[in-house]
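If you want the building blocks of each chain, they are given just below.
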Amino acid sequence: MNITEVRNLGKDYPSFRLQDVSFSIQPGRITGFIGRNGAGKTTTIKSMLNLVHPDRGEILFFGLPFTSHEADIKQRIGYSTGTVSWYPRKKIRDIVDIVSRFYETWDDEAYRRYLRLFSLDESKTPLELSEGMKVKLNLLLALSHRAEILILDEPTSGLDPFSRDELLGIFTELKEHGVAVFFSTHITSDLEKCADDIVYISGGKIVAALPKTAFEAKYSQESETLEETILRMERSMNNA
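Before going into details, it helps to say that this report is about the structure given with it. (Residues numbered from 1 in each chain as written. Predicted model: local features only at pLDDT ≥ 70, side-chain atom pairs only at ≥ 80, totals over all residues. Heavy atoms only, no water.)

1. Quick look at the overall build of the protein chain
In plain terms, the rule: Where helices and strands are cited, they refer to DSSP runs of H or I of at least four residues and of E of at least two residues respectively, numbered from the N terminus. Here the globule rule is a power law, 2.2 Å times the number of residues to the power 0.38, and the radius of gyration is based on C-alpha atoms. Only protein chains enter the accessibility calculation, which uses a 1.4 Å probe. A residue is then buried if its area is under 20% of the maximum for its type, exposed if over 50%, and partly exposed in between. Residue contacts are defined here by distance: any two heavy atoms, one from each residue, within 4.5 Å place the two residues in contact. The method behind every accessible area is Shrake-Rupley, applied with a 1.4 Å probe, and residues are considered shielded solely by the protein chains displayed.
Per the secondary structure count, the protein chain includes 9 helices and 10 strands. For a compact globule of 240 residues, the expected C-alpha radius of gyration is about 18 Å, and the protein chain comes in at 18 Å, within 12% of that figure. For the protein chain, the residues scored as buried account for 47% of the 240 residues in total. Excluding contacts between residues fewer than 6 apart, the proportion of contacts in the protein chain whose partners are at least 24 apart in sequence is 68%. Accessible area for the protein chain stands at about 11700 Å²; split by element, carbon and sulfur atoms hold 48% of it.

2. Brief notes about helix α4 (residues 108-117)
Rules: To be clear, the arc concerns the directions from the helix axis to the C-beta atoms. Any N or O atom pair separated by 3.5 Å or less is treated as a polar contact, with the protein-specific requirement of one donor-capable and one acceptor-capable atom, and with residues adjacent in sequence counted only for side-chain atom pairs.
If you check which residues of α4 are buried, you get A110, Y111, Y114 and L115. Projected down its long axis, α4 carries its buried residues within an arc of 135°, all on one side. Opposite the buried face of α4, by more than 90 degrees, sit the exposed residues E109 and R116. The residue sitting at the N-terminus of α4 and contributing the capping side-chain oxygen is D107; that oxygen lies 3.0 Å from the backbone nitrogen of E109. After α4 finishes, the residue S119 shows a positive phi value of roughly 55°.

3. Focus on the nonpolar core
Put simply, the test is: Remark: nonpolar core denotes a set of buried residues (Ala, Val, Leu, Ile, Met, Phe, Trp, Tyr, Cys) joined through side-chain atoms within 4.5 Å.
Residues Y114, F118, L120, L140, F171, F183 and F215 are the most contacted members of the largest nonpolar core, which totals 43 residues. The dominant element in this core, judged by the number of residues it contributes, is helix α5 (residues 131-143), at 7 residues. Beyond its immediate sequence surroundings of up to four residues, Y114 is in contact with L140, L143, S144, I170 and L174. Listed in part, the 25 residues of the second largest apolar core include F16, I25, A39 and L49.

4. Things to note about the sheet that holds strand β1 (residues 4-12)
Strand pairs in the sheet, formed through backbone hydrogen bonds, run parallel or antiparallel to each other. Here is the rule we go by: At least two bridges found by DSSP between two strands is the condition for calling them paired.
Spatially, β2-β1-β4-β5 is the arrangement adopted by the 4 strands of the open sheet, whose pairing is antiparallel. Strand pairing shows two members of the sheet lacking a second neighbour, β2 (17-25) and β5 (64-65), which therefore form its edges. In this sheet, β5 lies alongside strand β4 (residues 56-61) in antiparallel orientation, the contact comprising 2 bridges. Opposite F61, over in β5, you have L64 as the bridge partner.

5. Quick notes on the pattern of salt bridges
Working definition: two side chains of opposite charge can pair if their charged atoms are close together. The condition is simple: Between Lys or Arg on one side and Asp or Glu on the other, a salt bridge is scored when a side-chain nitrogen of the former is within 4 Å of a carboxyl oxygen of the latter.
Throughout the structure, instances matching the rule amount to 19 salt bridges. With a closest N to O distance of 3.6 Å, R36 and E234 form a salt bridge. One end of the pair, R36, is in the loop between β3 (30-34) and α1 (41-48); the other, E234, is in helix α9 (residues 226-239), and 198 residues separate them in sequence. Its salt-bridge partner being E154, residue K41 comes within 3.8 Å of it at the nearest N-O pair. With K41 in helix α1 and E154 in the loop between β7 (149-153) and α6 (161-175), the pair connects residues that are 113 residues apart, well separated along the chain. As far as the burial class goes, K41 and E154 line up, both buried.

6. A few points about α5
Our working definition: Every helix has an expected span of 1.5 Å times one less than the residues it contains.
Across its 13 residues, α5 extends 19 Å between first and last C-alpha, which sits within 8% of the 18 Å expected from 1.5 Å per residue. α5 sits mainly inside the fold: 11 of its 13 residues count as buried. Along α5, the residues classified as buried are G132, K134, V135, K136, L137, N138, L139, L140, L141, A142 and L143. Tucked inside the fold, the buried residues of α5 contact β6 (77-80), α3 (92-100), α4, β7 and α6.

7. Regarding the side chain of S144
Relative to the elements of secondary structure, S144 occurs in the loop between α5 and β7. By relative accessible area, which is 0% here, S144 ends up buried. A polar atom in the side chain of S144 sits 2.7 Å from the backbone oxygen of L140. Those residues in contact with S144 that sit more than four places away from it in its chain are T105, W106, D107, A110, Y111 and Y114.

8. Regarding the side chain of S202
Locating S202 in the fold gives a position in strand β9 (residues 197-202). A polar contact is formed between the side chain of S202 and the side chain of E234, at a distance of 3.1 Å. Beyond its immediate chain neighbours, meaning those up to four positions away, S202 contacts A39, V207, E234 and M237.

Have a look at this one:
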(Lines give C-alpha, C1' and ligand atoms only; values in the text may rest on other atoms or scores of the structure.)
Protein backbone atom coordinates (compact mmCIF):
# COMPACT_ATOMS: atom_id res chain seq x y z
CA MET A 1 0.00 0.00 0.00
CA ASN A 2 1.20 3.52 -0.78
CA ILE A 3 1.92 5.58 2.32
CA THR A 4 0.72 8.72 0.55
CA GLU A 5 -1.48 9.37 -2.45
CA VAL A 6 -1.95 12.84 -3.92
CA ARG A 7 -4.86 12.96 -6.36
CA ASN A 8 -5.59 15.90 -8.66
CA LEU A 9 -4.43 18.50 -6.16
CA GLY A 10 -5.13 22.09 -7.13
CA LYS A 11 -4.57 25.51 -5.59
CA ASP A 12 -5.27 28.87 -7.25
CA TYR A 13 -3.48 32.13 -6.51
CA PRO A 14 -3.73 35.39 -8.49
CA SER A 15 -0.33 34.85 -10.11
CA PHE A 16 0.14 31.07 -9.80
CA ARG A 17 -1.89 27.91 -10.24
CA LEU A 18 -1.18 24.40 -8.98
CA GLN A 19 -2.89 22.10 -11.49
CA ASP A 20 -4.00 18.47 -11.12
CA VAL A 21 -0.95 17.38 -9.12
CA SER A 22 -0.95 13.59 -8.67
CA PHE A 23 1.70 11.17 -7.39
CA SER A 24 2.23 8.51 -4.73
CA ILE A 25 4.88 7.80 -2.09
CA GLN A 26 5.86 4.26 -1.14
CA PRO A 27 7.27 2.93 2.15
CA GLY A 28 11.00 2.37 2.37
CA ARG A 29 11.79 4.62 -0.59
CA ILE A 30 13.31 8.07 -0.98
CA THR A 31 11.34 10.33 -3.29
CA GLY A 32 12.94 13.52 -4.55
CA PHE A 33 10.54 16.34 -5.41
CA ILE A 34 12.45 18.40 -7.97
CA GLY A 35 11.66 21.71 -9.58
CA ARG A 36 13.02 25.21 -9.94
CA ASN A 37 12.16 27.89 -7.38
CA GLY A 38 8.53 28.92 -7.86
CA ALA A 39 7.54 25.68 -9.59
CA GLY A 40 5.03 24.75 -6.88
CA LYS A 41 7.00 22.47 -4.55
CA THR A 42 6.25 24.31 -1.30
CA THR A 43 2.62 24.95 -2.26
CA THR A 44 2.19 21.23 -2.93
CA ILE A 45 3.76 20.20 0.38
CA LYS A 46 1.76 22.73 2.39
CA SER A 47 -1.43 21.65 0.63
CA MET A 48 -0.65 18.01 1.44
CA LEU A 49 -0.51 18.90 5.13
CA ASN A 50 -3.41 21.37 5.12
CA LEU A 51 -1.05 24.23 6.00
CA VAL A 52 -2.67 25.95 3.05
CA HIS A 53 -6.15 24.85 1.99
CA PRO A 54 -6.19 23.27 -1.46
CA ASP A 55 -9.05 24.22 -3.77
CA ARG A 56 -9.30 20.76 -5.35
CA GLY A 57 -8.08 17.23 -4.97
CA GLU A 58 -7.68 14.50 -2.37
CA ILE A 59 -4.82 13.55 -0.05
CA LEU A 60 -4.58 10.11 1.55
CA PHE A 61 -2.05 8.92 4.12
CA PHE A 62 -1.96 5.23 5.10
CA GLY A 63 -5.13 4.76 3.03
CA LEU A 64 -7.02 7.36 5.09
CA PRO A 65 -8.35 10.74 3.87
CA PHE A 66 -6.23 13.45 5.46
CA THR A 67 -9.14 15.85 5.93
CA SER A 68 -11.05 13.49 8.24
CA HIS A 69 -8.06 11.91 10.04
CA GLU A 70 -5.68 14.86 10.31
CA ALA A 71 -4.80 14.58 14.02
CA ASP A 72 -4.07 10.84 13.91
CA ILE A 73 -2.13 11.05 10.66
CA LYS A 74 0.08 13.89 11.91
CA GLN A 75 1.23 11.62 14.75
CA ARG A 76 2.80 9.41 12.08
CA ILE A 77 4.36 12.15 9.93
CA GLY A 78 7.60 14.06 10.37
CA TYR A 79 7.56 17.46 8.68
CA SER A 80 10.35 19.98 8.35
CA THR A 81 10.91 23.18 6.45
CA GLY A 82 14.38 24.43 5.70
CA THR A 83 14.73 26.67 8.75
CA VAL A 84 13.38 27.23 12.26
CA SER A 85 11.30 30.39 12.68
CA TRP A 86 9.56 29.73 16.00
CA TYR A 87 10.70 30.08 19.64
CA PRO A 88 13.89 31.88 18.56
CA ARG A 89 14.91 32.79 22.13
CA LYS A 90 14.07 29.51 23.87
CA LYS A 91 16.80 26.99 24.56
CA ILE A 92 16.70 23.85 22.44
CA ARG A 93 15.98 21.67 25.48
CA ASP A 94 12.89 23.80 26.25
CA ILE A 95 11.69 23.64 22.63
CA VAL A 96 12.07 19.85 22.72
CA ASP A 97 10.16 19.66 26.01
CA ILE A 98 7.22 21.46 24.35
CA VAL A 99 7.29 19.63 21.01
CA SER A 100 7.69 16.15 22.51
CA ARG A 101 4.36 16.49 24.37
CA PHE A 102 2.48 16.53 21.07
CA TYR A 103 3.70 13.07 20.01
CA GLU A 104 2.68 9.82 21.64
CA THR A 105 5.59 8.10 19.88
CA TRP A 106 8.31 10.56 20.92
CA ASP A 107 11.56 8.56 21.24
CA ASP A 108 14.03 10.19 23.62
CA GLU A 109 16.75 7.70 22.67
CA ALA A 110 16.40 8.66 19.00
CA TYR A 111 16.39 12.33 19.98
CA ARG A 112 19.68 11.91 21.89
CA ARG A 113 21.23 10.02 19.00
CA TYR A 114 20.40 12.72 16.45
CA LEU A 115 21.41 15.44 18.90
CA ARG A 116 24.90 13.91 19.02
CA LEU A 117 24.99 13.23 15.29
CA PHE A 118 24.08 16.83 14.43
CA SER A 119 26.42 18.25 17.13
CA LEU A 120 23.64 20.43 18.58
CA ASP A 121 24.00 22.05 21.99
CA GLU A 122 20.76 21.88 24.02
CA SER A 123 21.67 25.03 25.93
CA LYS A 124 21.67 27.20 22.80
CA THR A 125 18.72 29.04 21.26
CA PRO A 126 17.82 29.11 17.54
CA LEU A 127 19.01 32.73 17.43
CA GLU A 128 22.52 31.51 18.29
CA LEU A 129 22.60 28.90 15.52
CA SER A 130 23.93 29.22 11.98
CA GLU A 131 21.45 28.70 9.16
CA GLY A 132 22.78 25.19 8.62
CA MET A 133 22.40 24.31 12.30
CA LYS A 134 18.83 25.65 12.26
CA VAL A 135 18.06 23.19 9.49
CA LYS A 136 19.54 20.40 11.61
CA LEU A 137 17.41 21.44 14.60
CA ASN A 138 14.23 21.26 12.54
CA LEU A 139 15.25 17.84 11.25
CA LEU A 140 16.08 16.69 14.77
CA LEU A 141 12.50 17.39 15.84
CA ALA A 142 11.07 15.68 12.75
CA LEU A 143 13.20 12.56 13.24
CA SER A 144 12.61 12.04 16.96
CA HIS A 145 9.06 10.68 17.09
CA ARG A 146 9.46 7.55 14.95
CA ALA A 147 7.61 8.98 11.96
CA GLU A 148 6.65 6.54 9.20
CA ILE A 149 7.11 9.21 6.55
CA LEU A 150 9.26 12.33 6.53
CA ILE A 151 8.04 15.25 4.39
CA LEU A 152 10.86 17.74 4.08
CA ASP A 153 10.82 21.05 2.25
CA GLU A 154 14.34 21.89 1.02
CA PRO A 155 16.03 20.06 3.94
CA THR A 156 19.55 20.47 2.55
CA SER A 157 19.17 24.23 2.12
CA GLY A 158 21.94 26.07 3.96
CA LEU A 159 23.95 22.94 4.72
CA ASP A 160 27.62 22.65 3.81
CA PRO A 161 28.55 19.74 1.47
CA PHE A 162 29.72 17.51 4.34
CA SER A 163 26.50 18.04 6.32
CA ARG A 164 24.43 17.43 3.19
CA ASP A 165 26.15 14.10 2.60
CA GLU A 166 25.61 13.24 6.26
CA LEU A 167 21.90 13.98 5.97
CA LEU A 168 21.50 11.97 2.75
CA GLY A 169 23.15 9.07 4.58
CA ILE A 170 20.53 9.37 7.32
CA PHE A 171 17.79 9.22 4.65
CA THR A 172 19.30 5.98 3.35
CA GLU A 173 19.45 4.53 6.86
CA LEU A 174 15.82 5.45 7.50
CA LYS A 175 14.56 3.86 4.29
CA GLU A 176 16.26 0.61 5.30
CA HIS A 177 13.91 0.64 8.31
CA GLY A 178 10.86 1.11 6.08
CA VAL A 179 10.52 4.88 6.52
CA ALA A 180 9.43 6.85 3.44
CA VAL A 181 11.34 10.06 2.78
CA PHE A 182 9.82 12.74 0.54
CA PHE A 183 11.98 15.82 0.12
CA SER A 184 11.82 18.81 -2.17
CA THR A 185 14.99 20.19 -3.64
CA HIS A 186 16.45 22.08 -6.56
CA ILE A 187 19.86 20.44 -5.95
CA THR A 188 19.93 17.62 -8.47
CA SER A 189 23.15 16.12 -7.09
CA ASP A 190 21.23 15.19 -3.94
CA LEU A 191 18.84 13.15 -6.06
CA GLU A 192 21.72 11.48 -7.90
CA LYS A 193 23.08 10.26 -4.57
CA CYS A 194 20.03 8.89 -2.80
CA ALA A 195 16.65 9.15 -4.59
CA ASP A 196 14.73 6.02 -5.58
CA ASP A 197 11.89 7.98 -7.19
CA ILE A 198 11.57 11.39 -8.79
CA VAL A 199 8.55 13.69 -8.91
CA TYR A 200 9.33 16.56 -11.26
CA ILE A 201 7.15 19.68 -11.21
CA SER A 202 7.31 22.69 -13.52
CA GLY A 203 4.94 25.66 -13.69
CA GLY A 204 2.53 24.10 -11.20
CA LYS A 205 2.16 20.85 -13.17
CA ILE A 206 3.67 17.41 -12.66
CA VAL A 207 5.89 16.60 -15.62
CA ALA A 208 6.93 13.14 -14.41
CA ALA A 209 6.53 10.88 -11.38
CA LEU A 210 8.70 7.81 -11.90
CA PRO A 211 11.42 5.64 -10.38
CA LYS A 212 14.73 7.41 -10.98
CA THR A 213 15.98 4.70 -13.33
CA ALA A 214 12.78 4.93 -15.41
CA PHE A 215 12.99 8.74 -15.43
CA GLU A 216 16.56 8.62 -16.74
CA ALA A 217 15.68 5.98 -19.33
CA LYS A 218 12.76 8.04 -20.61
CA TYR A 219 14.15 11.58 -20.51
CA SER A 220 17.97 11.56 -20.33
CA GLN A 221 20.10 11.66 -23.44
CA GLU A 222 23.33 9.69 -23.69
CA SER A 223 25.96 10.70 -21.10
CA GLU A 224 23.68 13.38 -19.57
CA THR A 225 23.68 13.97 -15.84
CA LEU A 226 20.32 14.34 -14.13
CA GLU A 227 20.99 18.08 -13.79
CA GLU A 228 21.63 18.40 -17.51
CA THR A 229 18.42 16.50 -18.26
CA ILE A 230 16.32 18.73 -16.02
CA LEU A 231 17.89 21.92 -17.42
CA ARG A 232 17.24 20.79 -20.99
CA MET A 233 13.64 19.90 -20.19
CA GLU A 234 13.08 23.25 -18.46
CA ARG A 235 14.47 25.16 -21.45
CA SER A 236 12.28 23.15 -23.81
CA MET A 237 9.12 23.86 -21.80
CA ASN A 238 9.95 27.55 -21.45
CA ASN A 239 10.45 27.82 -25.21
CA ALA A 240 7.30 25.91 -26.08
